[in-house]
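# Structure assessment
Here is how the chains run, residue by residue.
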Amino acid sequence: MLHSETFDVIVVGGGHAGTEAALAASRAGARTLLLSHNIETIGQMSCNPAIGGIGKGHLVKEIDALGGAMGIAADRAGIQWRTLNASKGPAVRATRCQADRTLYKAAIRAMVETQPNLVLFQQAVDDLILVGGRVAGVRTQMGLDFHAASVVLTAGTFLAGKIHIGQAQYAGGRAGDPPASALAAKLRELPVAADRLKTGTPPRIDSRSIDFSVLDEQPGDDPMPHFSFLGSAADHPRQVSCWITHTTEATHDLIRGSLDRSPLYSGQIEGVGPRYCPSIEDKVVRFADKTSHQIFVEPEGLDTFEIYPNGISTSLPFDVQYALVRSIPGFERAHITRPGYAIEYDYFDPRGLHPWLETKGIPGLYFAGQINGTTGYEEAGAQGLIAGMNAALAIRGEAPWCPRRDEAYIGVLIDDLTTNGTIEPYRMFTSRAEYRLHLREDNADLRLTPQGHARGVVSDARFQRLEAKREATERETARLRGLWAAPGNALGAAIEHALGIAVSRETHALDLLRRPEMDYAKLRTVAELGPGVDDAEVATQVEVQAKYSGYLERQREEIERQRRHETTAIPDGFDYDRVRGLSAEVLLKLKRSLPATIGQAARISGVTPAAISLLLVHLKRRAA
Ligand SMILES: Cc1cc2nc3c(=O)[nH]c(=O)nc-3n(C[C@H](O)[C@H](O)[C@H](O)COP(=O)(O)OP(=O)(O)OC[C@H]3O[C@@H](n4cnc5c(N)ncnc54)[C@H](O)[C@@H]3O)c2cc1C
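Residues numbered from 1 in each chain as written. Predicted model: local features only at pLDDT ≥ 70, side-chain atom pairs only at ≥ 80, totals over all residues. Heavy atoms only, no water.

An unreviewed UniProt entry lists the protein under the name tRNA uridine 5-carboxymethylaminomethyl modification enzyme MnmG, with Luteibacter jiangsuensis as the source organism. Under the heading Sequence similarities (unreviewed entry), UniProt records this for the protein: "Belongs to the MnmG family." The UniProt entry for the protein carries the following text under Subunit (unreviewed entry): "Homodimer. Heterotetramer of two MnmE and two MnmG subunits." (UniProt positions renumbered as here; feature names shortened; annotations may be inferred.)

Given below as structure tokens:
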């Protein structure tokens, strides 16, 4: 008899989505199997060894707040740390680290291998087992059957993956890995809409062949930030610098002279590429008047000589790559260790997913990561965690959950995908969120940890730590609110003396924090105000909540208003043609998407607030 085994949840793919999915499902108590092509590549960073950045750092903090692995792994692997937008408001401040790719992979592997309820198996999955229209398990390349009522598919760039370097092309999931062709062919037979996308990566360079004396050094921040709410900068390994160089006119001439040999411009590639991470040939064509583009020279790790030249992703033929690299200052004698390439792959229209990432067409089957049209480790990890958690909740017969847009960037990501779909690789930015001031990196735990704890993906220890932080914040806030300074009283005089500011009316110490020039650290220099708190996270909460309380309150009211409409149902079979005043474009979009609620309708791109008002008026009249 052929081998057959049963689990609660099966996760296919050991990338960033798959590892978070498998860990979340098993944390939530499901007996979970993680099946991947190769156990050695679990947690592998296919492209740039960096975690976080604008919008993405928020996702990492949220993954961590929900008990996920990415923040902890990045803390153990980050070799250059920065807080981006440090001089701007707390809403858009973002943590980023350059990671040692070997340390990162090892950290993820260690967490996966030591997770209770989780087992690994190395095999390619070639088919899904379906019974009565719902998923019942998977069949591997060897013909082994594994059964489960929930299956999470996280195949990344591997489905029918095709690699391009110049006119050369071959099947592959990424350089050095096989594609998932059999599974892709099977999925194309299912009721899920597939299309093609593409992405690319730069050639890697041996640092010993680079002349660093002509590059600009970019050291990391001091003090260093970190990702995990359970971690600290002490978790980081040795730190190194990154460097900056740039393309030249010679680089651009070379590229322009070789476009006929580019798979991008000779029509060889079908898929659409990432708008915010374009190839160097794309940049040279699209921004024809620019004579130079910046290149970040980033080390791939502490124990390797390879560097990642961020900014020259390319699929041009190797001889052109060789010449273009050598036209860059500092790279005149550069030795390429791995050629750059583009890869195109199948992805699925995420509008075919429920907000909890289960496919609408095949109950029990969940999709997460790059196969939903996103790009980036953080976007993949966030979806993986939500899909894995919901796969486990389904086994327990519990309601699915996904944070709302006003609760998390994860909510923004999944709502954008499942409501509007995407026709190009989707990456997160802070600008995609309408309630940015609420969705800060610093309060991701306050927003999400209780929700995760209620669903079993957050440990008691993490939850208790959060509660202690919340209580300490409230205590310190109340204490400062009770300390009154007035012109002429002792506290007022002490503040004027220590801080050099005028106390012209009666005011409490919390109010002082609202002054633009004031922060918690300065406040603590006034001995008469008491010792305050040493915990930096508590201090940040006290300061940010006090400073932005007016804005936060206004945004909270706006969220409440939206939430009231969010759940207003649009009945099945609703006749949009009867709504007076809708433009032809809005009408078309509403009829195509058939939103279930006013909230969903409002988020369809192109559906204006005015159109929503017309819809609401019509629904009200209809109900009367
Ligand atoms: C060339 C290249 C360039 C990229 N450039 C960028 C960029 O510029 N910016 C950016 O943000 N992101 C980039 N990425 C994307 C980034 O790597 C992905 O967004 C991220 O890795 C997606 O995570 P994932 O978990 O969805 O998939 P992956 O990390 O691709 O993991 C998929 C996993 O599934 C396994 N698998 C697949 N099919 C099967 C199967 N049938 N059976 C068993 N196992 C299977 C694979 O072996 C792999 O372990 C690039 C990726 C590549 C390959």
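Moving on from the coordinates now.
### A closer look at helix α10 (residues 409-420)
Counted at 1.5 Å a residue, the expected span for α10 with its 12 residues is 16 Å, and the 16 Å between its end C-alpha atoms agrees. In terms of burial, α10 is largely enclosed, as 11 of its 12 residues are buried. When we look at burial in α10, the residues that qualify are Tyr409, Ile410, Gly411, Val412, Leu413, Ile414, Asp415, Asp416, Leu417, Thr418 and Thr419. Residues of α10 that are buried sit in contact with α2 (56-65), α9 (377-395), α11 (444-454) and α19 (598-602). Backbone geometry just after α10 places Gly421 at a positive phi near 65 degrees. (Helix = DSSP H or I, 4+ residues; strand = E, 2+ residues; numbered from the N terminus. Expected span 1.5 Å × (residues − 1). Buried < 20%, exposed > 50% of the residue type's maximum accessible area, 1.4 Å probe, protein only. Contact = heavy atoms within 4.5 Å.)

### Observations concerning empty space enclosed by the protein
Summed over all chains, the structure comprises 2 cavities of 30 Å³ or more. Quantified by volume, the largest cavity comes out at close to 40 Å³. For the largest cavity, the full set of lining residues is Glu476, Arg479, Leu480, Tyr520, Leu523, Arg524, Leu529, Gly530 and Gly532. It is helix α12 (residues 460-481) that provides the largest number of residues to the lining of the largest cavity, a total of 3 residues. Residue composition of the lining of the largest cavity, grouped by class: 4 nonpolar, 2 polar and 3 charged. Of all the elements in the fold, those that place two or more residues in the lining of the second largest cavity are α11 and α12. Here the lining of the second largest cavity gets 3 residues from one element, more than from any other, and that element is α12. (1 Å grid on protein atoms, 1.4 Å probe; cavity = no way out; pocket = protein on both sides within 12 Å on 5 of 7 lines; lining within 4 Å. Points joined across faces, edges and corners; volume = space filled by probe spheres on them. Nonpolar A, V, L, I, M, F, W, Y, C, P; charged D, E, K, R; others polar.)

### Some remarks on the sheet that holds strand β10 (residues 145-147)
Pairing within the open sheet is mixed, and its 4 strands lie in the order β1-β10-β9-β8. At either margin of the open sheet sits one strand with a lone partner, and together these are β1 (4-6) and β8 (125-131). Here the strands of the sheet are splayed against their neighbours by 25 degrees on average, with no regard to which way each runs. Looking at chain direction, strand β9 (residues 134-140) and β10 are connected through 3 bridges and run antiparallel. Within β10, the position partnered with Gly137 by the bridge is His147. (Pairing = 2+ DSSP bridges. Axes fitted to C-alpha atoms, helices over the stretch in contact; angles between N-to-C directions.)

### Details of unusual backbone geometry
Cis geometry is found at the peptide bond from Asp222 to Pro223, where omega equals 5 degrees. Among the secondary structure elements, Pro223 is positioned in the loop between β16 (216-218) and β17 (242-246). Positive phi is not limited to glycine here, since Asn117 has a value of about 75 degrees. Residue placement: Asn117 occurs in the loop between α4 (101-113) and β7 (118-122). The class for Asn117 is partly exposed, based on a relative accessible area of 38%.

### Details of the site of the ligand
With respect to spatial proximity, 34 residues lie near the ligand, and among them Ala17, His37, Val125, Gln370 and Gly376 are the closest. Interatomic distance of 3.1 Å between a side-chain N/O atom of Thr375 and a nitrogen atom of the ligand. Out of a free accessible area of 990 Å², the ligand has 96% covered by protein chains. For the shell around the ligand, the secondary structure elements donating two or more residues are α1 (16-27), β14 (194-201), β21 (341-348) and α9. Partitioned by chemical class, the residues of the shell around the ligand number 14 nonpolar, 18 polar and 2 charged. (Near = heavy atom within 4 Å. Polar contact = N/O pair within 3.5 Å; in protein donor to acceptor, adjacent residues only side chain to side chain. Areas by Shrake-Rupley, 256 points an atom, 1.4 Å probe, with all protein chains shown as cover.)

### Digging into the packing of aromatic side chains
Tallied over the entire structure, the rule returns 8 aromatic pairs. On the basis of an interplanar angle of 50 degrees and a centroid distance of 6.4 Å, the ring pair of Phe318 and Tyr322 is categorised as tilted. Placement of both Phe318 and Tyr322 in helix α8 (residues 318-326) is noted, with a separation of 4 residues, approximately one turn of the helix. Look at Tyr322 and you get partly exposed, because its relative accessible area is 37%. Between Phe574 and Tyr576 the ring centres are 4.8 Å apart and the planes differ by 80 degrees, which places this aromatic pair in the edge-to-face class. Residue Tyr576 is classed as buried on the basis of its relative accessible area, which comes to 3%. Pairwise contacts between aromatic rings join Phe7, Phe121 and Phe146 into one cluster. Positioned above the aromatic ring of Phe305, the side-chain terminus of Arg208 is 3.7 Å from the ring centre. Residue placement shows Arg427 over the ring face of Phe429; its charged tip is 4.2 Å from the ring centre. (Phe/Tyr/Trp six-rings, centres within 6.5 Å; stacked < 30°, edge-to-face > 60°. Lys NZ or Arg CZ within 6 Å of the ring centre and 35° of its normal.)

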